[in-house]
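# Residue-level structural notes
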Amino acid sequence: MNFHPVDFYEIDSLLSDEERLIRNTVREFVSAEVIPRIRGAYRAGEFPADLVPAFGELGLLGGTLSGYDCPGLNAVAYGLLNQELERGDSGVRSFVSVQSSLVMYPIHTFGSEQQKSKWLPLLAKGEAIGCFGLTEADFGSNPGGMRTRAEKKSDGWLLTGNKMWITNGTLADIAVIWARTAEGVQGFLVEKETSGFTAKGIHGKLSLRASDTAELILDNCLIPDENRLPEATGLKKALMCLSQARFGIAWGAIGAAMACYDEVVEYTKGRVQFDDKPIASHQLVQEKLAFMLTEITKAQLLAFRLAKLKEQGRITNAQISLAKRNNVLQALEIARLARQLLGANGILDDYQSMRHMCNLETVLTYEGTHDIHTLILGHEITGLPAYS
Amino acid sequence: MKIIVCMKQVPVKDSLLKIKDDNSWVHEDELNYEINESDHYALETALRLKEAHGGEVVILTMGPERVKEAIKQGLAKGADRALYINNADFTSIDPMTNAKVLAAAISPETPDLVLAGLQTDDNGSGQTGVILAENLGLPHTSIVMEIEKLDNGIKVKRELESGWFQWIELPLPALLTIQSGINQIRYATIKGIMMAKKKEVKELALSDLGLSGADVAAGSTGLDFQKVYVPEKTKQALILEGDPKDVAEQLADKLKNEAKVF
């Protein structure tokens, strides 16, 4: 079935030809390569890893970064790319977000020349996969409390600790690991062959099933000093990576919402109940559809403006929080309503909405929970932090 | 090998077409457009020939400003440059008129090969490509599925009916119309999209092609376009009665003289 995107406020007319072409290419790719197989991948609980070379070939990895075979997209194009991927599945978009914003971005921004030229071309082509280890089992919203430690030795750094909820963890060739040192939190590159390094898949997930989620165990991993990201000093640097990823999520959520909306508009026009009338003719159904269209349109305007602020170098973390917080919550609400409108059929994976709904529960929680973004905004408004 | 690929932009496949009140055409403002399906395959075929044998792929398209998007998509996939005929001052659904204009743009390029999609998804006449070959004085083959380069020309596989195929050898230059579904179409890459804006798109007006308004005037080729309308539903069922011999005779008579099927 063809996808019918939402463009109620003609935001398309604000896009450049290149931005539209990039969006359309990714849309075409998702329709042809992702959607036909995502149900199987979701059922199997496996990330469709064989898509990775195609991501690389198309140039979807590396986002706004330039040089080292990275695509050098502007913020709008990068946002649109995330939107289209998440129209397929949040897990697929998560892969690209992690690779681009949480692995390539810190290497590009905080890495040495040698680290950049070794890893970025491989990561951009999809020939290497990366993951980002910040969160720990007991330190999610409060990463500053992390227990993972890196100790300076004569022949490098000795890393010890556990990282939890790590996307791409078991697939990764390289992990960006944040650890506490005598000089504060620092970022390190840990290669998968490092002795003492293990990635254990987390199973039993009812959400993001087509995504690889792992626990990383660092049991006295000795890495050379050249694997320390020289400029990645201080927790703030880790949070800079998260800001990149959150920007992509604010756009991605729109894709998931549009997929649900499109599915349910078609469904309610075709589903007949009471006097042979389509359920779309009922007021309560129309109220839900009107809500969805309104929230998608608002989310599109937020995301577009946010991208323009990013391109002008005027974006703030609080602005990113507002967009991530709003767009993900509204996408989740749209997915829930879509599932409801699909009736009993909606609990089957013949339809996408419940898969998106389940995925978005994770998206609401990761990359800063909904409540943490509320507190970031509260801090911004009042100047008074309320995190603890 | 210098290859020209004729591409057309058509409304996306499941578009809801709304006919204008005066039945002159459909409302185009509300439609979204895409590259005609078999033209995609023509472009892919051209790109593969270029990759195997070297040369140049040039896109040729005609239409209003919006078709520049199709051109960019083609350039992003790997075509080297494009010729764009802006038809703001004339529109025609007449294959003969369109072929005349396209031929005028192709002639000075002296290509080795001209590829066109088999037919367009909107008008679907399947005529423009073959008339274009006649206008250019080129040998042509339609419904082509495979092309092999020979030392002195090409060998092509042509689709017949009922699963039958035909291999034909042609000298170059030649024109081929390409069947859909014959290869795996590539995606435009982001790198390709970024590079496309640096590629040449030569814009041509009728006067640049040595043509005037009279050459493309409606009805100039003898085709009289009357109106666009939704097919009218008619229900006609005739039940023949009588003994089987009479009924068979009546049926044969109607098939021969009314339906004219034999």
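Note that the structure is a prediction, hence the values are computed from the model and not measured.

### So, the overall build of chain B
- The secondary structure content of chain B amounts to six helices and eleven strands.
- When burial is assessed residue by residue, chain B has 42% of its 262 residues classed as buried.
- Sequence separation of at least 24 residues holds for 68% of the intrachain contacts in chain B that already meet a minimum separation of 6.

### Here we look at the overall build of chain A
- In terms of helices and strands, chain A carries ten helices and ten strands.
- In terms of principal-axis extent, the alpha carbons of chain A reach across some 80 × 45 × 40 Å.
- Within chain A, contacts between residues at least 6 apart in sequence are counted, and of these 75% link residues at least 24 apart.
- When the accessible surface of chain A is totalled, it reaches about 16,000 Å², and 52% of it is carbon and sulfur.
- Looking at chain A, you have 39 positive and 46 negative side-chain charges, and the mean spots of the two groups are 4 Å apart.

### Describing unusual backbone geometry
- L172(B) connects to P173(B) through a cis peptide bond whose omega is 0 degrees.
- Structurally, the position occupied by P173(B) is in the loop between β9 (165–170) and β10 (174–178).
- With a phi angle near 55 degrees, N220(A) is a residue other than glycine that sits in the positive phi range.
- When you line up the elements, N220(A) lands in strand β7 (residues 213–223).
- Even without being glycine, S162(B) reaches a positive phi, approximately 55 degrees.
- By the secondary structure assignment, S162(B) is in the loop between β8 (153–159) and β9.

### Quick word on the interface of chain A and chain B
- Each partner contributes residues to the interface: chain A has 21 residues there, and chain B has twelve residues.
- Here chain A packs against chain B, burying approximately 1,500 Å² in sum over the two surfaces, 59% of which is carbon and sulfur.
- Applying the counting rule to chain A against chain B returns two salt bridges.
- E69(B) serves as the salt-bridge partner of R20(A), at 3.4 Å between the closest nitrogen and oxygen.
- Applying the counting rule to chain A against chain B returns five residue pairs in polar contact (both at pLDDT 80 or more).
- Of all the secondary structure elements, the ones that give two or more residues to the side of chain A that touches chain B are α1 (17–44) and α2 (52–58) of chain A.
- Broken down by element, the residue count for the side of chain A that touches chain B peaks at eleven residues, all from α1(A).
- Its residues assigned to classes, the side of chain A that touches chain B comprises nine nonpolar, six polar and six charged.

### Structural notes on the packing of helix α6 (residues 235–270) of chain A against helix α8 (residues 317–341) of chain A
Residue and element names in this part refer to chain A.
- Remark: α6 packs on α8, axes separated minimally by 8 Å, with the N-to-C direction vectors making an angle of 20 degrees. On the basis of the axis angle, α6 is roughly parallel to α8. When the axes of α6 and α8 are compared, the crossing they make is left-handed. Facing S243, R246, F247, I249, A250, A253, I254, A257, C260, V264, Y267 and T268 of α6, the residues of α8 in contact are N317, I320, A323, K324, N327, V328, A331, I334, A335, A338 and L341.
- Residues belonging to the contact of α6 with α8 are distributed by class as follows: 17 nonpolar, four polar and two charged.

### Some words on helix α4 (residues 128–136) of chain B
Residue and element names in this part refer to chain B.
- Along α4, the residues classified as buried are G129, V130, I131, L132, A133 and L136.
- Next to the buried residues of α4 lie β1 (2–7), α3 (95–106), β6 (113–117), β7 (140–150) and β10.
- G137 sits one or two residues past α4 and shows a positive phi near 70 degrees.

### Notes on the pairing of strand β2 (residues 149–153) of chain A
All names here are of chain A.
- Direction of pairing for β2 relative to strand β3 (residues 156–167): antiparallel, over a ladder of five bridges. The residue of β3 that forms the bridge with E151 is L158.
- From the end of β2 to the start of β3, which pair antiparallel, there are two residues.

### Considerations on the packing of α3(B) against α4(B)
Residues and elements named next belong to chain B.
- Two numbers describe how α3 lies on α4: the axes approach to 8 Å, and their chain directions differ by 50 degrees. Classified by the angle between their axes, α3 and α4 sit oblique to one another. In this structure, the crossing between α3 and α4 has a hand that is right-handed. Contact residues: P95, M96, N98, A99, K100, L102, A103 and I106 in α3; T128, I131, L132, N135 and L136 in α4.

### Digging into the domain arrangement of chain A
Residues and elements named next belong to chain A.
- As assigned here, chain A comprises domain 1 (11–124), domain 2 (130–233) and domain 3 (237–382).
- Distance from the C-alpha centre of domain 2 to the C-alpha centre of domain 3: 31 Å.
- At the interface, eleven residues of domain 2 touch ten residues of domain 3.
- When domain 2 packs against domain 3, the two sides together hide about 870 Å² of surface, and 67% of this comes from carbon and sulfur.
- It is S141, S207 and L208 that lose the most area in domain 2 upon contact with domain 3, and together they represent 45% of the buried surface on that side.
- Applying the counting rule to domain 2 against domain 3 returns four residue pairs in polar contact (both at pLDDT 80 or more).
- Sorting elements by how many residues they give to the side of domain 2 that touches domain 3 places strand β8 (residues 228–233) first, with three residues.
- Partitioned by chemical class, the residues of the side of domain 2 that touches domain 3 number six nonpolar, three polar and two charged.

### Examining the nonpolar core
- With 142 residues, the main nonpolar core has F55(A), W178(A) and L176(B) as its most contacted residues.
- Take this core: its biggest share by element is 18 residues, from α6(A).
- Listed in part, the 28 residues of the second largest apolar core include A103(B), V114(B), L175(B) and L204(B).

### A few points about the sheet that holds β6(B)
All names here are of chain B.
- Taken in spatial order, the nine strands make up an open sheet running β9-β8-β7-β10-β6-β1-β4-β5-β11, and their pairing is mixed. Of all strands in the sheet, those with a lone pairing partner are β9 and β11 (201–204), marking the two edges. Here the strands of the sheet are splayed against their neighbours by 30 degrees on average, with no regard to which way each runs.
- Sheet topology note: the strand β4 (residues 56–63)/strand β5 (residues 81–86) ladder contains six bridges and is parallel. Paired with M62 across the strands is I85, a residue of β5.
- Sheet strands in contact with helix α2 (residues 68–77) are β1, β4, β5 and β11, and its direction is about 170 degrees off that of β5.
- Set on the sheet, α4 makes contact with β1, β6, β7 and β10; between it and β10 the angle comes to about 175 degrees.

Conventions we followed
- Counting from 1, residues in each chain are numbered in the order their sequence is written.
- All chains are assigned letters beginning with A, and all ligands numbers beginning with 1, in the order in which they are written.
- Where local features are concerned, this predicted model is filtered to residues with pLDDT of at least 70; where side-chain atom pairs are given and counted, the filter is 80 or more; whole-chain, interface and lining totals use all residues.
- Each side-chain value is worked out from all heavy atoms of the structure, with water and hydrogens disregarded.
- A run of H or I in DSSP becomes a helix once it reaches four residues, and a run of E becomes a strand once it reaches two; helices and strands are each numbered from the N terminus.
- Partly exposed residues are those whose accessible area sits between 20% and 50% of the maximum for their type, while under 20% is buried and over 50% is exposed, using a 1.4 Å probe and protein chains only.
- When checking whether two residues touch, look at their non-hydrogen atoms; a contact exists if any pair is within 4.5 Å.
- Here, Shrake-Rupley sampling with a 1.4 Å probe gives the accessible areas, and only protein chains in the shown set may cover a residue.
- In this charge count, Lys and Arg are treated as positive and Asp and Glu as negative; neither His nor the chain ends contribute.
- A charge is said to be at NZ when it belongs to Lys, at CZ for Arg, at CG for Asp and at CD for Glu.
- Throughout, buried area stands for the accessible area (probe radius 1.4 Å) lost by two parts on being put together, summed over both.
- In the sections that follow, a salt bridge refers to a side-chain nitrogen of Lys or Arg positioned within 4 Å of a carboxyl oxygen of Asp or Glu.
- Whenever a nitrogen or oxygen atom comes within 3.5 Å of another N or O atom, the pair is scored as a polar contact, on the condition that within protein one atom can donate a hydrogen and the other can accept it, and that pairs from neighbouring residues in sequence are kept only if both atoms are in side chains.
- Residue polarity follows a fixed list, in which Ala, Val, Leu, Ile, Met, Phe, Trp, Tyr, Cys and Pro are nonpolar, Asp, Glu, Lys and Arg are charged, and the others, Gly among them, are polar.
- Helix axes are fitted to C-alpha atoms over the stretch in contact, other axes to C-alpha atoms as well, and angles between N-to-C directions run from 0 to 180 degrees.
- The labels follow the angle: roughly parallel below 35 degrees, roughly antiparallel above 145, roughly perpendicular from 65 to 115, and oblique for the rest.
- The sense of a crossing depends on the near helix, which, turned anticlockwise from the far helix by less than a right angle, makes the crossing left-handed and, turned clockwise, makes it right-handed.
- Pairing between two strands is assigned when DSSP locates at least 2 bridges connecting them.
- The split of the chain into domains comes from an automatic or database domain assignment.
- In this text, buried Ala, Val, Leu, Ile, Met, Phe, Trp, Tyr and Cys residues form a nonpolar core when linked through side-chain atoms within 4.5 Å.

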